[in-house]
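# A closer look at the structure
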Amino acid sequence: NPSPGLYNYGSTMDMSGSRLVVGAYTAGSDGLVYIYSHTNGVWTLEETIVGTLPDTGLSVKLEGDRLLIMNSAGVDLYTYDESWILSDTIPLVSITSIGLSNNYLMISDGTDLKIYDWDANLLNALSETITESQYAERIAVSGDILLVSSTKTTVTNVLPVIHYYSASFDRSETKNLLSLDTKTR
C-alpha cells in the first residue's frame, strides 16, 4: 500500500486483464506509478516506477504488456518482460490526453492528435478544422474506435462535437458522433 496521505494517488488509473496501474504524479520528487496484479482475489503491488521527470504518472494507459506513462515532458513507453522496462520516449511539450489500443499510441495536445506505432513512429496527425478550437482536448479509444472531443468552436452557431474515427484513424472517415444540443441541456 502507498504511504498514508499520498497526494494525488489514484488521480489516474487504468486496468488491463488482472493488472491495475495507478498514477500519483505529485508523490516523491517527480511522481510515482504503482502497478498491481490481482490473483486469487488479492491485489498485490507488483512494481513501483519512480519518476525521473516532473509529473510522472499524470496519466497512465495499460494494454496487456504495454504501458504509457505521461509526464511533464512527454510520454514514456514501457514493455513488461518479468519487470517493466522503459522501451522508448516520445518527447512533447504539451499533452492533454493519451490513448493506447491495438499497439497504437494516441497523444493529444489540445489542438492536434498524433498517432504513433509502438516503435514511436508517427503514423498520422489529425488537426483542428477552422471552426474548432481545443480539438483533441480529450480522447477515448477502444479497439479500433477513436473518439476525439472538440470542446469549443470559433463560430457562433457551431456546437462542440465528439468526432468518431474508425480503424484507419483517417480524418476522411470522421463522423460527428455526438454534439451538444442547446435544447436539451
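Refer to the structure printed above.
Residues numbered from 1 in each chain as written. Predicted model: local features only at pLDDT ≥ 70, side-chain atom pairs only at ≥ 80, totals over all residues. Heavy atoms only, no water.

## Notes on the environment of Asp65
Along the chain, Asp65 turns up in the loop between strand 5 (59-63) and strand 6 (66-71). C-alpha separation for the pair Asp65 and Asp81, spaced 16 residues apart in sequence, amounts to 7.9 Å. Residue contacts for Asp65: discarding those within four places in its chain leaves Tyr78, Thr79, Tyr80 and Trp84. (Helix = DSSP H or I, 4+ residues; strand = E, 2+ residues; numbered from the N terminus. Contact = heavy atoms within 4.5 Å.)

## Things to note about the nonpolar core
Ranked by internal contacts, the top residues of the largest apolar core, which has 13 residues, are Leu68, Leu105 and Ile107. For this core, the secondary structure elements donating two or more residues are strand 6, strand 7 (74-80), strand 9 (97-101) and strand 10 (104-108). Not counting the four nearest positions on each side in its chain, Leu68 is found in contact with Ser59, Val60, Lys61, Val75, Asp76, Leu77, Ile98, Gly99, Leu100, Leu105 and Trp118. (Core = buried A, V, L, I, M, F, W, Y, C linked by side-chain atoms within 4.5 Å. Buried < 20%, exposed > 50% of the residue type's maximum accessible area, 1.4 Å probe, protein only.)

## Description of unusual backbone geometry
Excluding glycine, a negative phi dihedral is what most residues carry, and trans is how most peptide bonds are arranged. Phi angles above zero are rare outside glycine, and Glu82 is one such case at about 75 degrees. Mapped onto the fold, Glu82 is located in the loop between strand 7 and strand 8 (84-91). A positive phi is found at Ala120, a non-glycine position, where the angle reads about 65 degrees. Of the residues examined, Ala120 reaches a relative accessible area of 22% and is grouped as partly exposed.

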